[in-house]
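Working through the structure, step by step
Each chain is listed here by its residues.
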Amino acid sequence: MLYKLKHLPALLLCTVLLTNCRQPQASETVANTTAPEAKNQVWPEVTPQARPWTRWWWMGSAVDKPNISRLLQEYAASGIGGVEIAPIYGAMGYEDRYIDFLSPQWMDILGFTVQEAKANGMPVDMTQGTGWPFGGPQVKPQYAAAKLAIQTYRLKGGQRLQEKITLQDPKQLEMGAPLQAVMAYNDKGDILNLTDKVGAEGTLNWSPNSGNWTLYAAFSGKTRQMVKRAAPGGVGYTLNHLSADAVETYLDRFSSAFGQQNYGVRAFYNDSYEVYGADWSPEFFEEFAQRRGYDLRLYLRELVSEAHTETVARLKSDYRETMGELLLDNFYKPWNAWAHARNSITKNQAHGSPGNLLDLYAAVDIPECETFGSSYFPIPGLRRDSADVRNVDPDPIMLKFASSAAHVTGKKLISSETFTWLGEHFKTSYSQMKPEVEQVFLSGVNHVFYHGVTYSPEDVAWPGWLFYASLNLTPANSLWPQFSGFNSYITRVQSVLQSGQPDNELLVYWPIHDVWSKPEGMEMLIKVHDIDEWLHPTQFYKQSRELMDAGYSLDFVSDKMLQETTVQDGQLLTAASAPTHKVLVIPQARYMAVETLERIIALANQGATVVVQQLPAEVPGLHNLKQRQEQLQQLKASLTFADAGNGVRQMKTGAGEILLAQDVQRALTYAGIQRESLTDTGLKFIRRQVQDGKYYYLVNHTPKAIDQTIALNMAATSVMVMDPQSARSGVAMSSVKDRKTEVRVQLQPGEALILRATESQTPGALAWQYLETKGAPLEVKGNWKLQFTQGGPELPAEQSLQQLTSWTNLPDKRAEAFSGTGTYTVTFNMPAKINGEYVLDLGEVRESARVWLNGQEVGTLWGIPFRARVGQYLKPGKNTLRVEVANLMANRIRDMDQKKIEWRKYHEINFVNIDYKPFDASVWQPMLSGLLGPVTLTPYSTSPGSSSDASL
C-alpha cells in the first residue's frame with residue numbers, strides 16, 4: 001500500500017493506484033498526513049490516540065533511562081502514537097539489571113518514561129500488575145483466587161460417620177480451606193443442612209435414623225494459580241476478583257506506590273481474565289442468597305452435577321449470573337474508582353470472564369478486544385501458512401462485543417490487542433497484517449494496540465530481547481525501516497473512525513441466559529477460543545452475521561443495558577452520550593427474564609420499533625419459578641399480532657410497534673429500515689456520523705477488482721473519496737436518486753477507500769480521477785543492479801540480474817541467510833509520447849518496497865497490491881526505477897538456529913513457537929525474499945469525478 005512521507009511536495013501526494021490528480025496550483029491545498037486539519041481539508045486532525053499504539057514489554061523491568069529515551073524516539077519516528085508498559089519475566093544473565101515492580105526505583109523510571117514519551121508526543125498506559133492476570137505478592141492466601149472443593153460421604157440409617165469431615169488435599173490445607181457447608185440428601189428427596197453439626201475437629205455429630213444418605217461437604221479452597229509471566233516484584237497468587245476485600249487489598253499496594261497521583265499514566269490496563277478454575281469466593285453462599293433469593297446450599301448436589309436436567313441447567317444459570325455480578329460489583333467498580341480518583345482511566349479485556357461480556361466491557365473507559373490467530377481472506381497472492389491456522393479464526397462478531405459496549409454506553413474509544421499469534425515468529429508481513437487490522441476496524445475498533453514490541457537495550461546482540469507471543473516488530477526487525485508506511489495507513493483510518501459518532505441502526509439483544517443455562521461444568525469463562533461452543537451455534541450469531549452481510553449496521557445490547565434505554569423521537573437512546581438506534585432486534589432465545597420482556601414492551605409503548613424473531617419460551621433460573629413462568633406467559637398472551645403480510649405479524653402498541661417475524665430482514669424491510677446495498681458487491685463497510693454527513697470506510701477483501709457505482713443510504717451534495725493508503729483525496733463521480741447517493745468506486749483486491757458524503761461542498765477540492773481503458777502492459781526489463789544496504793548477518797555481494805529472482809536463489813550463499821534491505825536499480829525506455837496514466841505493478845514483493853522513479857519518490861508499497869500510479873514521474877526515452885525491498889527476519893533466525901547461536905534465553909516460558917513448543921527455526925525452508933516481479937507499467941486512459949470548484 002502506498003505511504004507518503006510527511007514532508008514530500010504536494011505533487012507527490014497524488015500517486016496511488018485508482019487515484020490521480022493534476023499538480024496543485026499555489027492557491028490550492030493538498031492534505032498533509034500530519035498537519036492539523038485546515039478549513040478545506042477532509043482528513044481529520046491526527047492526535048496521538050489516532051496513531052497505532054503498542055504494548056511495550058519490560059523484560060525483568062531491566063530498563064534504563066538512556067535506552068528508554070532512544071527507543072521512544074525510534075517508536076515515535078516510525079509513527080507509533082503511544083506505549084503500554086507491561087512488565088514481565090526477564091532475560092537470563094541480566095538479573096543485576098532487574099528492577100522490582102513498584103519499588104521506588106521502578107516508580108522513578110516510570111515517571112521518567114512518561115516525561116520522555118510526552119516529549120515525543122506519546123502518552124503512556126500501563127498494566128496494573130505484572131504478567132497476567134492480576135495478582136502478586138500482596139495477594140496472600142486468603143485473597144487468592146478461590147475454588148469450591150467438594151467431598152462426598154455415604155451413610156445408611158443408624159450409621160455414624162467414622163472419618164472426620166476435613167479436606168483431604170494437603171496443598172489446599174496449606175492455604176486454608178474452611179468448611180462452609182455440609183448438606184445431606186437421601187433417596188427419598190429429603191435435604192438436611194448439617195453444617196452446624198460438624199465439630200471444630202471435623203467430627204459429624206449426626207446419624208440418620210433410616211434410608212441411604214449422601215453427604216456433600218463444601219470447602220472454600222484455592223486454585224493456587226500464580227501470576228503468569230510475572231516480573232520481579234510481581235510474583236504471587238492470582239487475585240480473587242470476586243471478593244471486595246481481596247480487590248481492596250490488591251489496590252492498596254498501588255495506593256502506597258502512587259499515592260494520589262497517576263505519574264502521568266493515561267490508562268491503567270487489565271488483560272484478559274484467564275483465571276482458571278476460580279469458581280468460588282468465601283462469601284458466595286451469602287451473596288447468592290441475597291441476589292438470587294434462595295439458598296444455594298440446598299442445591300449443592302446439583303451445583304456439582306453435570307446431569308442434563310432442567311433443574312441443573314437453571315441452577316447453573318443462576319450461579320453464573322451471580323459470579324458475573326460479583327465480578328462487576330467487587331472488581332470492576334472499585335478498580336475504576338481507584339483510577340478515576342487519580343485522574344486516569346481504565347482499559348480492559350472482558351473476554352474470558354465469567355459474566356455478561358457486554359456489561360463487563362461497558363464497565364470501563366476503554367473496552368478492549370483481542371485478535372488471536374489468522375483469518376482467511378481470498379485476496380490473490382496473500383500468503384497464509386497452514387502452520388499459522390489456530391483452532392478458531394478471529395471473528396468480527398466476537399470483536400463487536402467490545403465495540404458495542406462502548407457505542408451503547410457512549411464511550412469514544414475501543415481498543416484491540418492486535419496481531420497476537422498472527423503467524424509464526426519472524427514470518428509475518430504487512431500484507432498479512434493489513435486485512436486483519438481492517439477486519440478489526442470493520443468491527444468498530446478505532447484504537448489499535450500492537451502485540452507488540454519488547455524493550456531491548458542497545459548492548460544486546462541481534463535480534464535483541466523478544467517476547468514469545470509477540471509480533472516482534474521492534475527496531476531490530478528487518479521490516480522496521482518501512483514500518484512508518486503501515487502505521488500511517490492505520491493513523492488515517494483511525495482518525496476517521498474516531499470522528500463523530502458510530503452510525504449503526506440496529507440494536508441486537510444478546511440472550512445471555514441461553515449461554516449460561518448449560519448443565520456442564522461450573523463457572524463459564526466466555527472465551528475467544530470457545531466461540532464454537534457458546535457463540536457460533538446460536539440464532540443470535542446467525543442473525544447478526546446475516547444482517548451484517550446484508551448491509552445492516554448493528555450493536556449488541558444486554559438485559560442491563562435495555563433497562564437503561566429510553567426512547568427519543570422514536571429512536572432508542574441507550575445512554576445520554578450514545579448515538580441513537582432505529583430498531584431493537586430480539587433474536588430467537590429460549591430464556592428471557594420477565595423484567596427484560598416487560599422492558600421491551602415498554603420501549604415499544606414509548607415509540608420504539610421492535611423486531612422479535614420468536615417469543616421466548618421460558619424464564620431463566622430457579623427462584624419463584626412457577627410464579628415467573630406464569631408472568632411470562634401472561635405477558636406473551638397480552639401481545640396480539642395481526643398479519644402484515646410476507647411472513648410479518650404486527651402489533652401496534654402505544655407510540656411504537658412490535659413486529660414478529662422468523663425472517664428478521666423481512667420485518668426490517670416492512671419497518672422501512674434500509675440496508676446498505678453496497679455489500680452486494682462484496683465490499684465491507686463501517687459508517688461514522690459527522691456534523692454535516694457520514695464517513696464510509698470501505699474494504700475490498702474479495703478476489704476481484706471492483707469498479708462500479710454503489711448506492712449510499714443518504715442524499716449527499718458531495719462525496720469526497722479519501723485514500724487511506726496515500727492520504728490522497730478528491731471529489732467523486734456521484735449523483736442522487738431516490739434519496740440515495742450513487743457514487744463510483746474502484747478498488748483492487750486488498751484495497752480500502754473512505755468516502756465522506758456531505759450535505760455541503762468542500763471548497764477547492766480536486767476531482768477524483770478514475771482509470772478507464774487499459775492498454776497493453778509493458779514489462780520493465782533490463783540489467784537489474786541489486787545492492788544490499790543494511791541488515792545481516794553479512795551484506796551479500798552486489799548482484800547484476802537479467803531475471804528477477806529470490807535472494808535465496810542468488811549465487812552468493814550469504815543472501816540465503818540475509819535479513820535486511822536490498823536496493824534494485826534498472827533503466828528502461830518509454831515511448832516518445834506519454835499519454836494518460838501509467839500504473840506501476842511490482843508483481844510479487846517479499847515483503848515491502850520503497851519506490852523512486854527518475855529520482856522522485858513514489859512512496860512505500862508495503863502490501864498487496866504492490867501498485868502505484870506513476871504517470872507524472874515518467875518521461876520519454878530513458879527512465880530509472882529504484883526499488884528498496886525489505887524482507888522478513890525468518891532467514892537470519894533460521895541461520896542462527898542452524899549454527900546453534902544462542903539468542904533466546906529467558907526465564908519462565910522462555911521462547912516458544914506458535915504451538916507453544918520449544919522454538920526451532922533450523923528446520924524451516926528459506927523464505928522467499930526480495931523483488932520477484934514481474935514488474936510492469938500499464939497505460940490507462942482516465943476520466944474525472946466531480947469538482948467543487950467550477951473553475952477547475
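In this report, we go over the structure that sits alongside the text. Throughout this description, residue numbers start from 1 for each chain and increase along the sequence as written. Since the coordinates come from a predicted model, pLDDT governs what is reported: local features require at least 70, and pairs of side-chain atoms require 80 or more to be given and counted, while whole-chain, interface and lining totals use all residues. With hydrogens and water set aside, each side-chain value is computed from the structure's full complement of heavy atoms.

**Remarks on the pattern of salt bridges**
Whenever a carboxyl oxygen of Asp or Glu lies within 4 Å of a side-chain nitrogen of Lys or Arg, that contact is scored as a salt bridge. All chains considered together, the criterion is met by 50 salt bridges. A salt bridge links D680 to R675; the nearest nitrogen and oxygen atoms lie 2.9 Å apart. Each residue gets one of three labels from its accessible area relative to the maximum for its type: buried under 20%, exposed over 50%, partly exposed in between, using a 1.4 Å probe on protein chains only. The exposure class of D680 is exposed, given its relative accessible area of 54%. With relative accessibility at 27%, the residue R675 sits in the partly exposed group. One salt-bridge network, in which partners are shared between bridges, spans E287, R291, R292, E321, E325, D329 and K333.

**Some words on the side chain of D895**
In this structure, D895 sits in helix α19 (residues 890-898). Looking at D895, the relative accessible area reads 12%, which means it is buried. Throughout, a contact is declared for two residues whenever any of their heavy atoms are within 4.5 Å. Ignoring any residue separated from it by four or fewer positions in sequence, one finds D895 in contact with P793 and A817. Helix numbering and strand numbering both begin at the N terminus, where a helix is a DSSP run of H or I of at least 4 residues and a strand a DSSP run of E of at least 2.

**Describing the sheet that holds strand β19 (residues 566-568)**
Two strands qualify as a pair provided that DSSP identifies no fewer than 2 bridges between them. If you trace the 3 strands from one edge of the open sheet to the other, you get β19-β20-β21, paired in antiparallel fashion. Edge positions in the sheet fall to β19 and β21 (580-581), since each of these pairs with one other strand and no more.

**A short note on the layout of surface pockets**
Here the largest pocket defines a volume of roughly 650 Å³. Along the wall of the largest pocket there are 28 residues; nearest its centre are R292, E321, E325, H513 and W516. Of all the secondary structure elements, the ones that give two or more residues to the lining of the largest pocket are α5 (284-292), α7 (310-340), α8 (357-362), α12 (512-516), α15 (559-563) and α16 (594-605). The element contributing the most residues to the lining of the largest pocket is α7, with 7 residues. Here the term charged refers only to Asp, Glu, Lys and Arg, the term nonpolar to Ala, Val, Leu, Ile, Met, Phe, Trp, Tyr, Cys and Pro, and the term polar to all other amino acids, Gly among them. Of the residues that constitute the lining of the largest pocket, the class distribution is 8 nonpolar, 8 polar and 12 charged. Both site types are read off a 1 Å grid over the protein atoms alone. A 1.4 Å probe that fits but cannot get out defines a cavity, while an open set with protein on both sides within 12 Å along at least five of seven lines defines a pocket; lining residues have an atom within 4 Å of a point. Grid points are joined across faces, edges and corners, and a volume is the space filled by probe spheres set on the points.

**So, helix α14 (residues 539-550)**
Helices are assigned an expected span. That span is 1.5 Å times one less than the residue count. Between its first and last C-alpha, α14 extends 16 Å over 12 residues, near the 16 Å set by a 1.5 Å rise per residue. By the burial criterion, the buried members of α14 are F540, Y541, Q543, S544, L547, M548 and A550. Along its buried surface, α14 packs onto α9 (396-409), β17 (506-509), β18 (554-557) and α18 (664-670). G551 sits one or two positions beyond α14 and adopts a positive phi of about 110 degrees.

**As for the pairing of strand β45 (residues 877-886)**
As judged from the 10 bridges shared by strand β39 (residues 819-830) and β45, these two strands associate in the antiparallel manner. When the bridges of β45 are listed, T823 appears paired with E884. In this structure, strand β42 (residues 848-853) lies alongside β45, joined through 6 bridges in antiparallel fashion. Bridge pairing in β45 links A849 to V885.

**As for the packing of helix α1 (residues 65-78) against helix α2 (residues 104-119)**
Packed helix pairs are characterised by how far apart their axes lie and by the angle those axes make with each other. Only the stretch in contact is used when fitting a helix axis, every axis being a line fitted to C-alpha atoms; angles between N-to-C directions are given from 0 to 180 degrees. Axis separation between α1 and α2 bottoms out at 10 Å; the angle between their running directions is 30 degrees. Taken together, the axis directions place α1 and α2 in an arrangement best described as roughly parallel. Handedness of the α1/α2 crossing: right-handed. Facing K65, I68, S69 and L72 of α1, the residues of α2 in contact are D108, I109, F112, T113, E116 and A117. Per-class residue counts for the contact of α1 with α2 are 5 nonpolar, 2 polar and 3 charged. The labels follow the angle: roughly parallel below 35 degrees, roughly antiparallel above 145, roughly perpendicular from 65 to 115, and oblique for the rest. Each crossing gets its hand from how the near helix is turned against the far one by less than a right angle, where anticlockwise is left-handed and clockwise is right-handed.

**Quick look at the environment of G135**
Among the secondary structure elements, G135 is positioned in strand β5 (residues 135-136). The spatial distance from the C-alpha of G135 to the C-alpha of G234 is 7.5 Å, given a sequence separation of 99 residues. Among all residues touching G135, those that are not within four sequence positions of it are V227, G234, Y237, T238, L239 and Y250.

**A closer look at the packing of α16 against helix α17 (residues 625-637)**
Where α16 meets α17, the closest approach of the two axes is 10 Å, and the angle between their N-to-C directions is 20 degrees. When the axis of α16 is compared with that of α17, the two are roughly parallel. The way α16 lies across α17 gives a crossing that is left-handed. For the pair α16 and α17, the contacting residues are V594, L597, E598 and I601 in the first and R628, Q631, L632, L635 and K636 in the second. Among the residues forming the contact of α16 with α17, the class breakdown is 5 nonpolar, 1 polar and 3 charged.

**Details of the packing of aromatic side chains**
When the centres of two rings from Phe, Tyr and Trp lie within 6.5 Å, Trp using its six-membered ring, the rings pair. Their planes under 30 degrees apart give stacked, over 60 give edge-to-face, and anything left gives tilted. A full pass over the atoms with the stated rule returns 65 aromatic pairs. Taken together, a centroid distance of 5.7 Å and an interplanar angle of 80 degrees make the contact between W56 and W58 edge-to-face. Overall, W56 belongs to the buried group, its relative accessible area being 0%. Aromatic pair Y450 and F483: ring centres 5.5 Å apart, planes at 35 degrees, arrangement tilted. Taken as a pair, Y450 in strand β15 (residues 447-454) and F483 in helix α11 (residues 483-497) lie far apart in primary sequence, 33 residues in all.

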